[in-house]
Amino acid sequence: MNRRDKDNYYLDMAQVALERGTCLRRNFGAVIVKNDVIVSTGYTGAPRGRENCIDIGTCIRQKLGIPRGERYEFCRSVHAEANAIIAAPREQMLGATLYLVGRDMSTGEIMPDANSCTMCKRLIINAGIERVVIRRDNDTYDTISVRDWIYHDDVLDGRRGY
């Protein structure tokens, strides 16, 4: 029997979290872990009390033809990373790892090019999270040192997120 490695274990949990997502375009799940303890989870969805895209039956960004990675001010959702950070105490995020999985809702497939958006990268930096692990397919993932985002500001703008 092959035992699942810890990074894939926590990525599996992030993938379960994305099942709660309410975006019609892309759903993400995030899990923050420190010292092998789950600190917080988050998924893509409208702020509490507001209707979700799945409830109103439309994605305004999709309707307007806005490309991925642009014009987030039109999006109804709070991103998974932001929701996980909002729900966690800062002292438990210092030095933690954020696990992230994204699914394209039009295909149902895991997004092999998933990444945090520029705003979420800023939140991750300020939260004191040390690394981000992003699922690429069922068994592979990339590990990103948040320090790279701090020391290379161009990274914050160079790759598209949601």
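Basis of the calculations
- Residues numbered from 1 in each chain as written.
- Predicted model: local features only at pLDDT ≥ 70, side-chain atom pairs only at ≥ 80, totals over all residues.
- Heavy atoms only, no water.
- UniProt positions renumbered as here; feature names shortened; annotations may be inferred.
- Helix = DSSP H or I, 4+ residues; strand = E, 2+ residues; numbered from the N terminus.
- Buried < 20%, exposed > 50% of the residue type's maximum accessible area, 1.4 Å probe, protein only.
- Salt bridge = Lys/Arg side-chain N within 4 Å of Asp/Glu carboxyl O.
- 1 Å grid on protein atoms, 1.4 Å probe; cavity = no way out; pocket = protein on both sides within 12 Å on 5 of 7 lines; lining within 4 Å.
- Points joined across faces, edges and corners; volume = space filled by probe spheres on them.
- Nonpolar A, V, L, I, M, F, W, Y, C, P; charged D, E, K, R; others polar.
- Pairing = 2+ DSSP bridges.
- Axes fitted to C-alpha atoms, helices over the stretch in contact; angles between N-to-C directions.
- Core = buried A, V, L, I, M, F, W, Y, C linked by side-chain atoms within 4.5 Å.
- Contact = heavy atoms within 4.5 Å.
- pLDDT = per-residue confidence, 0-100.

J.: What's the story with the UniProt feature "active site" (unreviewed entry) in the protein in this structure? I'm lost.
T.: Taken from the UniProt record, the annotation "active site" (unreviewed entry) applies to Glu 81. Along the chain, the position of Glu 81 falls in helix H4 (residues 80-86). Note on Glu 81: relative accessible area 0%, which makes it buried.

J.: I tried to follow the environment of Glu 91 on my own but got confused; where do I start?
T.: One can find Glu 91 in helix H5 (residues 90-93). With relative accessibility at 54%, the residue Glu 91 sits in the exposed group. Along the chain, Glu 91 and Glu 130 lie 39 residues apart, while their C-alpha atoms are 13 Å from each other.

J.: What is the right way to look at the pattern of salt bridges in this model?
T.: Note that side chains of opposite charge can pair when their charged atoms are close. Inspection of every chain in the model, using the stated rule, returns 9 salt bridges. Salt-bridge contacts for Arg 4 lead to Asp 12; the nearest nitrogen and oxygen are separated by 2.9 Å. Arg 4 serves as the salt-bridge partner of Asp 139, at 2.8 Å between the closest nitrogen and oxygen. In this pair, Asp 139 is assigned in the loop between strand E4 (131-135) and strand E5 (141-145) and Arg 4 in the segment before helix H1 (6-18), connecting sequence segments 135 residues apart. Within this structure, Arg 4, Asp 12, Arg 135 and Asp 139 form a network of salt bridges that share partners.

J.: Is there a simple way to explain the UniProt feature "domain: CMP/dCMP-type deaminase" (unreviewed entry) in the protein in this structure?
T.: Per the UniProt entry, the sites bearing "domain: CMP/dCMP-type deaminase" (unreviewed entry) are residues 5-148 in this numbering. The straight-line gap between the two end C-alpha atoms of residues 5-148 is 24 Å; of that span, 31% is helix and 24% is strand.

J.: Can you walk me through the layout of surface pockets in this structure?
T.: Regions of empty space are outlined by a rolling probe, equal in size to a water molecule, passed over the atoms. Approximately 350 Å³ is the volume found for the largest pocket. Looking at the largest pocket, it is lined by 16 residues, and the ones nearest its centre are Tyr 43, Gly 45, Ala 46, Arg 48 and Asn 83. Going through the elements one at a time, strand E2 (37-43) and H4 are the ones with two or more residues in the lining of the largest pocket. Looking at which element gives the most residues to the lining of the largest pocket, the answer is E2, with 3 residues. Partitioning the lining of the largest pocket into residue classes produces 6 nonpolar, 7 polar and 3 charged.

J.: I tried to follow the sheet that holds E4 on my own but got confused; where do I start?
T.: Either a parallel or an antiparallel arrangement is found when strands of a sheet pair, and the pairing is made through backbone hydrogen bonds. Strand order in this open sheet of 5 strands is E2-E1-E3-E4-E5, and the pairing throughout is mixed. Looking at strand neighbours, the two that pair on one side only are E2 and E5, the edges of this open sheet. Mean inter-strand twist for the sheet, computed between neighbouring axes without regard to direction, equals 20 degrees. Bridge count for E4 against E5 is 5 bridges, and the pairing is antiparallel. Within the sheet, the bridge partner assigned to Val 133 lies in E5 and is Thr 143.

J.: How should the nonpolar core be read in this particular structure?
T.: Most often, soluble globular proteins keep nonpolar side chains buried together rather than apart. Counting residues in each nonpolar core, the largest one holds 22 residues, and the members touching the most others are Ile 32, Ile 85, Met 93, Leu 98, Ile 124, Ile 129 and Val 132. With residues up to four places along the chain from it excluded, the contact list for Val 132 reads Leu 98, Ile 124, Asp 142, Thr 143, Ile 144, Val 146 and Trp 149. Listed in part, the 10 residues of the second largest apolar core include Leu 18, Val 33, Tyr 99 and Ile 110.

J.: Just checking my understanding: could you explain the confidence of the model for the protein for this structure?
T.: A low pLDDT means the predicted coordinates there should not be read in detail. Overall, the predicted model of the protein reaches an average pLDDT of 91, with 94% of residues at or above 70. Here helix H8 (residues 153-158) stands out as the element of the protein with the lowest mean pLDDT, 54, in contrast to E4, whose mean of 98 is the highest. The low-confidence segment residues 158-162 (pLDDT under 50) makes 23 contacts with residues lying over four places distant or belonging to another chain.

J.: Would you explain the side chain of Thr 22 in this entry?
T.: Structurally, the position occupied by Thr 22 is in the loop between H1 and strand E1 (26-34). For Thr 22, a relative accessible area of 8% corresponds to the buried category. In contact with Thr 22, other than residues within four places in its own chain, are Asn 27, Thr 44, Gly 45, Ala 46, Asn 52, Cys 53 and Ile 54.

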